[in-house]
Amino acid sequence: MLHINQFHELDTNRDRPVLVFLHGLLGNGSDWQEVIHRLDEYPCVVVDLPCHGNSCNQHPVSFTHTCQLIFNTILSQVGSNRSIIIVGYSLGARLAMFGLANGIFDRLNITGYFLEGGGFGLKDDNERQQRLINDRRWAERFKCEPIEQVLSDWYQQAVFSSLNREQRDELIGRRAHNKGSAIAEMLVTTSLGNQSYLLDEIVRTGKPIHYICGEKDMKFFELAKQSRLSFTSIKEAGHNVHKEQPEEFAQVIRTKLIQLEQTL
């Protein structure tokens, strides 16, 4: 079972869906606090993914196993009848999509998904192989080098190009508590090189899905435009929208949930 925390107790506002938040690589459930604080009309649950936070001793075997851990944790905390909305960022968004596409979450009453900056997968086998090789190189560094040194290089990657020096330093400080060997394990297990292409499958499910990305995050902005999904791009934000613009992020969720509730 993964570690989980509740906010805005589940027993209150029982007519509202429970929002379940899944963080990204190197993060933990506390990453969502600024957003959750702004959504106090909804009961919220945050999950620490395997190898992260208070779930650091949980070891992922595969995408399927990781999603089964998420499923079991949500089922034990929320049950199978209560309406659930999944909010996933980056790795958390990819796991949400994998669980949806492969029917792992079918026994949960999930009525909608918000996906922030999550990759749908790579169609080309060669691209997947190259990504896996690249992630294994990073994993070796996380295992063998001081984590602050690896993080300094990690946040120089193109996907984080919108960050300024102060933002990078702040992220490095917040992420340096992670155990390098655990991050390496999760990075390889859930590499895009090990992920199937999920977009077509999640569209086929017919589930309400809304994609969120930062206007400065050009890679994922283009993915969102081409995806056929409903999406919102948020100004003055890069890859980590919920951290850079928590008020706007929370407002997108609130507005879309009100619209969804009117259709149910």
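You'll find the structure just up there.
Note that the structure is a prediction, hence the values are computed from the model and not measured.

About the cut-offs
Residues numbered from 1 in each chain as written. Predicted model: local features only at pLDDT ≥ 70, side-chain atom pairs only at ≥ 80, totals over all residues. Heavy atoms only, no water. Helix = DSSP H or I, 4+ residues; strand = E, 2+ residues; numbered from the N terminus. Rg over C-alpha atoms; globule rule 2.2 N^0.38 Å. Buried < 20%, exposed > 50% of the residue type's maximum accessible area, 1.4 Å probe, protein only. Contact = heavy atoms within 4.5 Å. Areas by Shrake-Rupley, 256 points an atom, 1.4 Å probe, with all protein chains shown as cover. Pairing = 2+ DSSP bridges. 1 Å grid on protein atoms, 1.4 Å probe; cavity = no way out; pocket = protein on both sides within 12 Å on 5 of 7 lines; lining within 4 Å. Points joined across faces, edges and corners; volume = space filled by probe spheres on them. Nonpolar A, V, L, I, M, F, W, Y, C, P; charged D, E, K, R; others polar. Axes fitted to C-alpha atoms, helices over the stretch in contact; angles between N-to-C directions. Parallel < 35°, antiparallel > 145°, perpendicular 65-115°, else oblique. Arc of directions from axis to C-beta. Polar contact = N/O pair within 3.5 Å; in protein donor to acceptor, adjacent residues only side chain to side chain. Phe/Tyr/Trp six-rings, centres within 6.5 Å; stacked < 30°, edge-to-face > 60°.

Draft legend 1. A look at the overall build of the protein chain. Scanning the protein chain from N- to C-terminus turns up 11 helices and seven strands. Taking 18 Å as the expected radius of gyration for a compact globule of 264 residues, we find that the protein chain reaches 17 Å, a close match to that expectation. Structurally, the protein chain occupies a C-alpha span of about 50 × 35 × 35 Å along its principal axes. Sorting the 264 residues of the protein chain into buried and exposed places 53% on the buried side. Long-range pairs, those at least 24 residues apart, make up 75% of the contacts in the protein chain between residues at least 6 apart in sequence. Summed over its atoms, the accessible surface of the protein chain is roughly 11800 Å², and 45% of this surface lies on carbon and sulfur atoms.

Draft legend 2. Main features of the pairing of strand S4 (residues 84-89). Summarising burial for S4: six of the six residues are buried, a large majority. On S4, burial covers both faces: Ile 84, Ile 86 and Gly 88 on one face and Ile 85, Val 87 and Tyr 89 on the other are all buried. Pairing of strand S2 (residues 18-22) with S4, which is carried by five bridges, proceeds in the parallel orientation. Paired with Val 20 across the bridge in S4 is Ile 86. Bridge analysis of S4 against strand S5 (residues 110-116) gives six bridges, and the strand direction is parallel. Within S5, the position partnered with Gly 88 by the bridge is Leu 115.

Draft legend 3. Just the layout of surface pockets, in detail. Taken as a whole, the second largest pocket spans an internal volume of roughly 160 Å³. The wall of the second largest pocket is formed by Ile 85, Gly 112, Tyr 113, Phe 114, Pro 208, Ile 209, His 210, Ser 230, Lys 256, Leu 257, Gln 259 and Leu 260. Elements represented by at least two residues in the lining of the second largest pocket include exactly S5, strand S6 (209-214) and helix H11 (246-263). No other element matches H11, which puts four residues into the lining of the second largest pocket. Residues belonging to the lining of the second largest pocket are distributed by class as follows: seven nonpolar, four polar and one charged.

Draft legend 4. Region of interest: the packing of helix H2 (residues 63-78) against helix H3 (residues 91-101). At a minimum axis separation of 10 Å, H2 and H3 run at an interaxial angle of 90 degrees. With respect to their mutual orientation, H2 and H3 come out roughly perpendicular. Of the residues in H3, those touching H2 at Phe 63, Thr 64, Thr 66, Cys 67 and Ile 70 are Arg 94, Leu 95, Phe 98 and Gly 99.

Draft legend 5. Expanded view of helix H6 (residues 165-175). Those residues of H6 that fall on the buried side of the exposure criterion are Arg 168, Leu 171, Ile 172 and Arg 175. Projected down its long axis, H6 carries its buried residues within an arc of 100 degrees, all on one side. Set apart from the buried face of H6 by more than 90 degrees, the exposed residues are Glu 166 and Gly 173. Two to three positions downstream of the cap, the backbone nitrogen of Glu 166 sits 3.1 Å from a side-chain oxygen, assigning the N-cap of H6 to Asn 164.

Draft legend 6. Seen up close, the packing of aromatic side chains. By the definition in use, this model includes eight aromatic pairs. Between Phe 21 and Trp 32, the aromatic rings sit 5.0 Å apart at their centres with planes inclined by 45 degrees, giving tilted as the arrangement. With Phe 21 in strand S2 and Trp 32 in the loop between S2 and helix H1 (33-37), the pair connects residues that are 11 residues apart, well separated along the chain. Just as Phe 21 is buried, Trp 32 falls in that class too. Aromatic pair Trp 32 and Phe 249: ring centres 6.1 Å apart, planes at 45 degrees, arrangement tilted. Residue Trp 32 is located in the loop between S2 and H1, and its partner Phe 249 is located in helix H11; the two are separated by 217 residues in the primary sequence. Neither Trp 32 nor Phe 249 differs from the other in exposure class; each is buried. In this structure an aromatic cluster arises from ring pairing among Phe 21, Trp 32 and Phe 249.

None of the figures reported here should be taken as evidence of function without further support.
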